[in-house]
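Coordinate analysis (summary)
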Amino acid sequence: MRINLYDLLGDAFHELADDVKNHGHTHYDLSGGRGSLKSSAISLMIPPLMVAHPNTHAAVFRKVGNTIRDSVFSQYIWAIDKLGMSDLWDAKTSPPELVYKPTKQRILFRGADDPMKLKSIKAPFGYIAFTHFEEKDQFAGRKEIRNILQSTMRGGQVYWNFESYNPPITRDNWANLDSQEIRADRLCHKSTYLEAPAEWLGEQFLAEAEYVKETNEREYRHEYLGEAVGSGGEVFENLEIREIPDEELEHFDRVRNGLDWGYYPDPFAFNRMQYDAAQRTLYIFDELTARKQGNKETAERLLAKGLTREDRITADSAEPKSIADYNKFGLSCVGAQKGAGSVEYSMKWLQQLNKIVIDPKRCPDTAKEFTCYEYERTKDGDIISGYPDRNNHHIDAVRYGTEPIYRVPGQPVPKKYVPIFG
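Keep in mind that this is a model prediction, so the values were computed, not measured.

Note the cis peptide between Ser94 and Pro95, where omega equals -5°. You can see Pro95 is positioned in the loop between β3 (89-93) and β4 (96-100). Here the amide bond leading from Tyr264 into Pro265 is cis, since omega sits at 0°, within 30 degrees of zero. By secondary structure assignment, the location of Pro265 is in the loop between β10 (255-260) and β11 (268-276). Residue Glu135 is not a glycine yet carries a positive backbone phi of 55°. Among the structural elements, Glu135 can be located in the loop between β6 (127-134) and α6 (142-152).

Structure, rendered in structure tokens:
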């Protein structure tokens, strides 16, 4: 009896399966909370793809080798059974391998805690076209995964690399930040249990999810929706990191520009943004980060972006010479009205917005800064009030650029924060 792979995957993975089948990308990043079926989807896609490419093999990795047998190895045996292929595969346990009987193709299972064995990993013939890193966040970082891929991605023409994980709670965990980086050869896919057929999960799973949702909304968002809700020390809890499409940009009619001077090691940071007063939403859609570049060089780069004297730039007023240079080079640049309490005033305004939407493709450095910016803590873990003055160059550029919005020109910073929208 022929089994339809798409019936086994569920609706949430149909488009992904089409992309994988057509080799739309090389790297596939699958994240989600409990019951999101991401690992199941990968284990269901790889065996049929191997059969369609008889000169290929697969390698499945976990950080710790002794966790393989009761996790991914069992997962792939389950998948092969669901695919109706059990009689065509042999399961070997030492080391864990699955062998496709008709062609002797193999699915190898290895732990990353034995580097010597990883360096010597090789296929009996053909090449390893498929790799799967389960629980990506447990690996030491992108470099560790890249080192393994350098050993497996050899001797072939096409490759599929899958990475699956439950997003860690802290937004600045390497796995969360890594998934925000835009790569033309990578597709990121996010799923939740809400997209899985209820009968696949069972009544008890759904009851547990509903209980957590009612009793601890933050844990529910992390555990079941796969959101990096943070450790409680994040300065900005109103971030929405997503691409801003061109059709949305076309409606931006009151663009603001902000600039924080820098050379090295602190970078020069520039941002463009749009503020929607009705929705109390700030959109950050462009950036320029530069190191070891003078005023003329950065000015030329902004002019190349299309800025003219019609585009006012609000910059750090601490460098009047740089401001004068910019005006001489063909830009319109003014200094921000800094003063006692200005940092707290502007930061609180940003924090109290409904949303700060940042395009990670157009503004990768800005997205990383806002995401990772946290309050300092004492040695006992208690949060210290105030805003750390480090790794905040684009944050400062945004503060300067939005100054005409939250502050009445010419007026001193009020002692008590009063939000101004317009």
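Before going further, it helps to examine the confidence of the model for the protein. Of the residues in the protein, 95% have a pLDDT of 70 or more, and the chain-wide mean is 90. Contacts from residues 409-422, a stretch scored under 50 in pLDDT, to residues over four places away or in other chains number 28 contacts.

Enumeration according to the criterion identifies 23 aromatic pairs in this entry. Centre to centre, the rings of Tyr193 and Tyr224 are 5.7 Å apart; their planes meet at 70°, and the pair counts as edge-to-face. In this pair, Tyr193 sits in the loop between β8 (186-191) and α8 (198-201) while Tyr224 sits in the loop between α10 (217-223) and β9 (239-241), placing the two residues 31 residues apart along the sequence. The burial state of Tyr193 is the same as that of Tyr224; both residues are buried. Pairing Tyr220 with Tyr224 gives two aromatic rings, centres 6.0 Å apart and planes at 25°, and the pair type is stacked. In this structure, Tyr220 and Tyr224 share a single accessibility class: buried.

Relative to the helices and strands, Leu225 resides in the loop between α10 and β9. In the structure, Leu225 is positioned 59 residues away from Asn166 in sequence and 9.3 Å away in space, judged by C-alpha atoms. In contact with Leu225, other than residues within four places in its own chain, are Gly33, Lys190, Thr192, Tyr193, Leu194 and Tyr220.

In terms of nonpolar packing, the biggest core is built from 37 residues, with Met45, Ile107 and Phe109 touching the most fellow members. Examining the composition of this core, we find that 7 residues originate from one element, helix α3 (residues 38-52), more than from any other. Discounting residues that sit within four places of it in the chain, Ile107 has contacts with Pro47, Met50, Ala58, Val60, Tyr76, Trp89, Pro96, Glu97 and Leu98. Of all hydrophobic cores here, the second largest spans 23 residues; its members include Phe236, Tyr345, Phe370 and Tyr387.

On to the sheet that holds β9. In a beta sheet, neighbouring strands are held together by backbone hydrogen bonds and run either parallel or antiparallel to one another. Pairing is mixed in the open sheet, where 7 strands are placed in the order β9-β15-β12-β11-β10-β13-β14. If you trace the sheet from one side to the other, it starts and ends with β9 and β14 (332-335), each paired once. Each adjacent strand pair in this sheet contributes to an overall mean axis angle of 30°, direction not counted. In this sheet, β14 lies alongside strand β13 (residues 312-315) in parallel orientation, the contact comprising 4 bridges.

A word on helix α2 (residues 14-21). Among the residues of α2, those classed as buried are Leu16, Ala17, Asp19 and Val20. Take α2 and look down its axis: the buried residues cluster within an arc of 160°, on one side only. When the buried face of α2 is taken as reference, the exposed residues oriented beyond 90 degrees from it are Glu15 and Lys21. Next to the buried residues of α2 lie α1 (5-9), β1 (27-32), α3, β7 (160-165) and β8. Positive backbone phi, at 50°, marks His23, one or two positions downstream of α2.

Look at α3 against helix α4 (residues 72-82): their axes get within 9 Å of each other, and the N-to-C directions meet at 60°. In terms of axis orientation, α3 runs oblique to α4. For the element pair α3 and α4, the recorded crossing hand is right-handed. Between α3 and α4, the residues in contact are Ser39, Ser40, Ile42, Ser43, Leu44, Ile46 and Pro47 and Gln75, Tyr76, Trp78, Ala79, Ile80 and Lys82, respectively.

This paragraph deals with the side chain of Asp29. Structurally, Asp29 can be placed in strand β1. When its relative accessible area of 1% is taken as the criterion, Asp29 is described as buried. Separated by 2.6 Å, the side chains of Asp29 and Lys136 make a polar contact. A polar contact of 2.9 Å, which involves the side chain of Asp29, links it to the side chain of Ser179. Once residues lying within four places of it in the same chain are set aside, the contact partners of Asp29 are Lys136, Glu163, Tyr165, Ser179, Arg186, Leu187, Cys188 and His189.

On to the pattern of salt bridges. Enumeration according to the criterion identifies 27 salt bridges in this entry. Between Arg242 and Glu240 there is a salt bridge, with the nearest N and O atoms lying 2.5 Å from each other. Using a relative accessible area of 25% as the deciding quantity, one classes Arg242 as partly exposed. Relative accessible area serves as the criterion here: at 22%, Glu240 is assigned to the partly exposed category.

Thresholds, definitions, all that
- Residues numbered from 1 in each chain as written.
- Predicted model: local features only at pLDDT ≥ 70, side-chain atom pairs only at ≥ 80, totals over all residues.
- Heavy atoms only, no water.
- Helix = DSSP H or I, 4+ residues; strand = E, 2+ residues; numbered from the N terminus.
- pLDDT = per-residue confidence, 0-100.
- Contact = heavy atoms within 4.5 Å.
- Phe/Tyr/Trp six-rings, centres within 6.5 Å; stacked < 30°, edge-to-face > 60°.
- Buried < 20%, exposed > 50% of the residue type's maximum accessible area, 1.4 Å probe, protein only.
- Core = buried A, V, L, I, M, F, W, Y, C linked by side-chain atoms within 4.5 Å.
- Pairing = 2+ DSSP bridges.
- Axes fitted to C-alpha atoms, helices over the stretch in contact; angles between N-to-C directions.
- Arc of directions from axis to C-beta.
- Parallel < 35°, antiparallel > 145°, perpendicular 65-115°, else oblique.
- Left-handed = near helix turned anticlockwise from the far one by under 90°.
- Polar contact = N/O pair within 3.5 Å; in protein donor to acceptor, adjacent residues only side chain to side chain.
- Salt bridge = Lys/Arg side-chain N within 4 Å of Asp/Glu carboxyl O.

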